[in-house]
Amino acid sequence: MAEFATQFPYKPTPDQQQAFIDVEKDLTERETPMDRLVCGDVGFGKTEVALRAIFCVVSIGKQAMVLAPSIVLAKQHFDVISEWLSRYPNIKVGLLNRF
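Residues numbered from 1 in each chain as written. Predicted model: local features only at pLDDT ≥ 70, side-chain atom pairs only at ≥ 80, totals over all residues. Heavy atoms only, no water.

(A) Spatial organisation of the nonpolar core. Core analysis: the biggest nonpolar cluster contains 11 residues, these being F4, F8, L51, I54, F55, V58, I81, W84, L85, Y88 and I91. Counting residues per element, this core draws most heavily on helix α3 (residues 46-58), which supplies 4 residues. Excluding residues that lie within four positions of it along the chain, I81 makes contacts with L51, I54, V66 and V93. One finds A19, F20, V23 and A53 within the second-largest nonpolar core, a separate group that totals 5 residues. (Core = buried A, V, L, I, M, F, W, Y, C linked by side-chain atoms within 4.5 Å. Buried < 20%, exposed > 50% of the residue type's maximum accessible area, 1.4 Å probe, protein only. Helix = DSSP H or I, 4+ residues; strand = E, 2+ residues; numbered from the N terminus. Contact = heavy atoms within 4.5 Å.)

Below, the structure is given as structure tokens:
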């Protein structure tokens, strides 16, 4: 996880750092699946929080899912996630929408 995190170009904000900690605790200390909503303005790093959580989960052989409220946003997330995880050939990324 630490190696993956070093690939991000920006220094995390304090709120992002806290979100990373909270999400990692959810993923490592709970018996039930994580159920967390990350909120914030556009451009404030929600996708980075999601990417770290996704990587944490899939790197141990589990599955992750990202829900988006529109097909356009789903495609944008798919493209970003695919690009970030393309360095890891054992991780498969898919897109499911109503079309």
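(B) Broad picture of the packing of aromatic side chains. All chains considered together, the criterion is met by 6 aromatic pairs. Cluster of aromatic residues (ring-pair linked, three or more members): F4, F8, F55, W84 and Y88. Positioned over the ring face of F20 is R52, at 3.7 Å from the centre of the ring. (Phe/Tyr/Trp six-rings, centres within 6.5 Å; stacked < 30°, edge-to-face > 60°. Lys NZ or Arg CZ within 6 Å of the ring centre and 35° of its normal.)

(C) Expanded view of the pattern of salt bridges. Applying the stated criterion across every chain yields a total of 3 salt bridges. A salt bridge links D26 to R36, with the nearest nitrogen and oxygen atoms 2.6 Å apart. Within this pair, whereas D26 is found in helix α2 (residues 14-29), its partner R36 is found in the loop between α2 and α3, the two being separated by 10 residues in sequence. For R36, a relative accessible area of 39% translates into the label partly exposed. (Salt bridge = Lys/Arg side-chain N within 4 Å of Asp/Glu carboxyl O.)

(D) How the structure looks around the packing of α3 against helix α4 (residues 71-85). The interhelical angle for the contact between α3 and α4, taken along N-to-C directions, is 55°, at an axis separation of 11 Å. Considering the angle they form, α3 stands oblique to α4. The element α3 and its partner α4 pack so that their crossing is right-handed. Together, T47, L51, I54 and F55 of α3 and H77, V80, I81, W84 and L85 of α4 make up the contact between the two elements. (Axes fitted to C-alpha atoms, helices over the stretch in contact; angles between N-to-C directions. Parallel < 35°, antiparallel > 145°, perpendicular 65-115°, else oblique. Left-handed = near helix turned anticlockwise from the far one by under 90°.)

(E) Region of interest: the layout of surface pockets. Looking at the largest pocket, its volume works out to about 1400 Å³. Lining the largest pocket are 50 residues; nearest its centre among them are V38, V49, A50, A53 and V66. Among the secondary structure elements, those contributing two or more residues to the lining of the largest pocket are α2, α3 and α4. For the lining of the largest pocket, the element with the most residues is α3, which contributes 10 residues. Residue assignment for the lining of the second largest pocket shows that the elements contributing at least two residues are α3 and α4. For the lining of the second largest pocket, the element with the highest residue contribution is α4, accounting for 6 residues. When the residues that make up the lining of the second largest pocket are grouped by side-chain class, the tally is 19 nonpolar, 7 polar and 2 charged. (1 Å grid on protein atoms, 1.4 Å probe; cavity = no way out; pocket = protein on both sides within 12 Å on 5 of 7 lines; lining within 4 Å. Points joined across faces, edges and corners; volume = space filled by probe spheres on them. Nonpolar A, V, L, I, M, F, W, Y, C, P; charged D, E, K, R; others polar.)

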